[in-house]
Every structure is written in C-alpha cells, then in structure tokens.
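# Examination of the molecular architecture
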Amino acid sequence: LCQAALADWENPPELRGELIRLARATGNWDELELVDREVLGARMEPEAQLQVLMEMARVAQVEREDAEGAEAIFQEALGVDPAHQPSLEALRDLYEQTGQSAKMVSILRLQADFATEIEDRIAVLYHMGAIQQGELEARADAVDTYEQIIAADPTERDAYRQLEGV
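Heads up: these notes are all about the structure in this document. (Residues numbered from 1 in each chain as written. Predicted model: local features only at pLDDT ≥ 70, side-chain atom pairs only at ≥ 80, totals over all residues. Heavy atoms only, no water.)

Let's shift gears to the packing of aromatic side chains. Counted by the stated rule, this structure contains one aromatic pair. Taken together, a centroid distance of 6.5 Å and an interplanar angle of 50° make the contact between Tyr126 and Tyr146 tilted. With a gap of 20 residues between them, Tyr126 in helix H8 (residues 118-133) and Tyr146 in helix H9 (residues 139-152) connect regions that are remote in the sequence. (Phe/Tyr/Trp six-rings, centres within 6.5 Å; stacked < 30°, edge-to-face > 60°. Helix = DSSP H or I, 4+ residues; strand = E, 2+ residues; numbered from the N terminus.)

And the structure:
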C-alpha cells in the first residue's frame, strides 16, 4: 500500500480518496497514517509536507475524532512553517472549541506576529486582549496587548477604552 501511494502521488486527490475509503471500510486508520508518514519522508519540499500534514490533521480531527492527534499534527506543520496560516487558524479554532484559552492566546500571538496587514494584526490583538482580560484574568498581559494596538495605530480609540477598563 505504501509503495502504491508513493508511486501514484502525482494524482493525490484520487489516491487520497481511495485510501480514506479503505481506511473507513477496514477501520485501519493507523495504516493510513503509516502511508502518510512514508509520503512525508519522500516529499522534502515544505509545501508538499504541509499538504500531507494538513490532510493527516483533517483525518485525525474529522475521521478519527482525535483532537489531540490533530493538534500534534498542526503543531508539526508549524515546525515546517511557523507562519502557516491554515495550521494557525485550525489550532485557534481547536483551542476555542475545547476551551483552551491560554493555548489560544499563544496562537493568536503568532498570528499577530505574522500578520502582513496592520488591520489584521490589530483585529487579532483585540481578540487576544479580550481573552487575556476576560477568561484568563491576566490584566497585565491585556494591558500589554492593548498598548501594542496603540503602538501600531495611535488612533485606535477602542484600545484606549479597553485600557481604561482593565
């Protein structure tokens, strides 16, 4: 199975669908993961690695209902590319769904660091500040976050109001 997957990797969507169908039918998700790991070993380009890892994470999260496994694979993808937005977004969503606010803030911090547009950075910082101020009750961290917003755009009046409320 591994050799067939590697030989036919030029047409991954069709092959992937067949492998997932077989894993569903047999309940052998571990074999699919072995195939994916073999493919990862053969595909050294970061984009190809990220493609395989995202598929693996989807299988873990959706097919296997394994949030911890998906988290580990998304983290592995960030090891390939720390700015990989799909992995950052998936982890943010996962942490939000599972109520892991501290981990969510760490992902939001990365998203803010890698944001290419100032508006995106500010939106992420507002989200981060709200979690720090509310769920985490980390007032000093929230103050720092709102100050980052003001440093990025001194005309952000909401950031001043949030600082007053901290």
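Okay, the pattern of salt bridges next. Per the counting criterion, the structure on display carries eleven salt bridges. Among the ionic pairs, Glu33 bridges to Arg64, the shortest N-O distance being 3.6 Å. Here Arg64 lies in the loop between helix H4 (46-63) and helix H5 (67-80) and Glu33 lies in helix H3 (residues 29-42), a separation of 31 residues in the sequence. For Glu33, a relative accessible area of 32% corresponds to the partly exposed category. (Salt bridge = Lys/Arg side-chain N within 4 Å of Asp/Glu carboxyl O. Buried < 20%, exposed > 50% of the residue type's maximum accessible area, 1.4 Å probe, protein only.)

Attention now goes to helix H7 (residues 101-114). Between its terminal C-alpha atoms H7 stretches 20 Å, which fits the 20 Å expected from 14 residues at 1.5 Å a residue. On the buried face of H7, the contacting elements are H5, helix H6 (85-97) and H8. (Expected span 1.5 Å × (residues − 1). Contact = heavy atoms within 4.5 Å.)

Core analysis: the largest hydrophobic core is formed by 41 residues, its most contacted members being Leu32 and Leu91. Among the elements of the structure, helix H2 (12-26), H3, H4, H5, H6, H7, H8 and H9 are those that each provide at least two residues to this core. The dominant element in this core, judged by the number of residues it contributes, is H4, at seven residues. (Core = buried A, V, L, I, M, F, W, Y, C linked by side-chain atoms within 4.5 Å.)

This next bit is on the environment of Asp144. Assignment of secondary structure puts Asp144 in helix H9. Looking at Asp144, the relative accessible area reads 40%, which means it is partly exposed. It is 37 Å that separates the C-alpha atoms of Asp144 and Val52, two residues lying 92 residues apart in sequence.

In short, the description is geometric, and any link to function would need to be established separately.
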